[in-house]
Amino acid sequence: MSGTIDEKTMENVLILAKLELSGQERAQAAAEMEKMLGYVEKMNELDTSGVEPMVQPWEIENVFREDEVTNGDMREELLAGAPAREDGQYVVPRTVE
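Residues numbered from 1 in each chain as written. Predicted model: local features only at pLDDT ≥ 70, side-chain atom pairs only at ≥ 80, totals over all residues. Heavy atoms only, no water.

Participant: Before we go on, may I ask you to explain the overall build of the chain in this structure?
Facilitator: Scanning the chain from N- to C-terminus turns up 3 helices and 2 strands. Across the chain, helices and strands are ordered from the amino to the carboxyl terminus as α-α-α-β-β. For a compact globule of 97 residues, the expected C-alpha radius of gyration is about 13 Å, and the chain comes in at 29 Å, more than 25% above that figure. Dimensions of the chain, computed from C-alpha atoms along their principal axes, come out at roughly 70 × 45 × 20 Å. Taking all 97 residues of the chain together, the buried fraction comes to 9%. Approximately 9,700 Å² of the chain is accessible, and the part contributed by carbon and sulfur atoms is 53%. Across the chain, the mean location of the 9 positive side-chain charges is 6 Å away from that of the 22 negative side-chain charges. (Helix = DSSP H or I, 4+ residues; strand = E, 2+ residues; numbered from the N terminus. Rg over C-alpha atoms; globule rule 2.2 N^0.38 Å. Buried < 20%, exposed > 50% of the residue type's maximum accessible area, 1.4 Å probe, protein only. Areas by Shrake-Rupley, 256 points an atom, 1.4 Å probe, with all protein chains shown as cover. Lys, Arg positive; Asp, Glu negative; His and termini not counted. Charge placed at Lys NZ, Arg CZ, Asp CG, Glu CD.)

Participant: Before we go on, may I ask you to explain the pattern of salt bridges in this structure?
Facilitator: Two side chains with opposite charge may pair up if their charged atoms get near one another. Summed over all chains, the structure comprises 4 salt bridges. For Glu-11, the salt bridge goes to Arg-26, with nearest N and O atoms at 3.0 Å. Placement of the pair is Glu-11 in helix α1 (residues 7-17) and Arg-26 in helix α2 (residues 23-44), with a sequence separation of 15 residues. A salt bridge links Glu-45 to Lys-42; the shortest N-O distance between them is 3.7 Å. (Salt bridge = Lys/Arg side-chain N within 4 Å of Asp/Glu carboxyl O.)

Participant: Could you clarify how one ought to interpret α2 in this entry?
Facilitator: In an α-helix, one turn spans 3.6 residues, which is why side chains three or four residues apart end up on the same side. The end-to-end C-alpha distance of α2, which contains 22 residues, comes to 31 Å, matching closely the 32 Å that a straight helix rising 1.5 Å per residue would cover. Taken together, the buried positions of α2 are Arg-26, Ala-29, Ala-30 and Met-33. Projection of α2 onto a plane perpendicular to its axis shows the buried side chains occupying an angular sector of 100°, all on one side. Residues of α2 that are exposed and point over 90 degrees away from its buried face: Gln-24, Lys-35, Tyr-39 and Lys-42. Looking at the buried positions of α2, the neighbouring elements they touch are α1. (Expected span 1.5 Å × (residues − 1). Arc of directions from axis to C-beta. Contact = heavy atoms within 4.5 Å.)

Participant: Would you take a moment to explain a nonpolar patch on the surface for this structure?
Facilitator: Nonpolar side chains collect at one region of the surface, where Met-74, Leu-78, Tyr-90 and Val-92 lie side by side and expose about 430 Å² of accessible area between them. Along the chain, Leu-78 falls in helix α3 (residues 75-79). (Patch = residues over 30% accessible without salt bridge, like charges linked within 9 Å, V, L, I, M, F, W, Y side chains within 5 Å.)

Participant: What exactly am I supposed to notice about the side chain of Arg-26 here?
Facilitator: Of the polar contacts made by the side chain of Arg-26, one reaches the side chain of Glu-7; its length is 2.4 Å. Residues within four places of Arg-26 in sequence aside, it is in contact with Glu-7, Met-10, Glu-11, Leu-14 and Leu-21. (Polar contact = N/O pair within 3.5 Å; in protein donor to acceptor, adjacent residues only side chain to side chain.)

What follows is the structure, given as structure tokens:
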């Protein structure tokens, strides 16, 4: 996709991005987008056959641990300051009728 960003494409981008640009800003944004597209075209010229696709250049490994409770059951301490409680839960005013 070489060439210039036409007015219709620019208008669609501005609508999707919810931007309002002046004429000069529009021209500058179009020029910057053309530079970006040129860079992508240049990258497409590279021979990537035999290169395995990757998300990032470094290895990341999930480290799983056992899910252990470390602070114990603090229900009574947490409910101690409640103005009202019932069956081990906070009682709050009804908000939906």
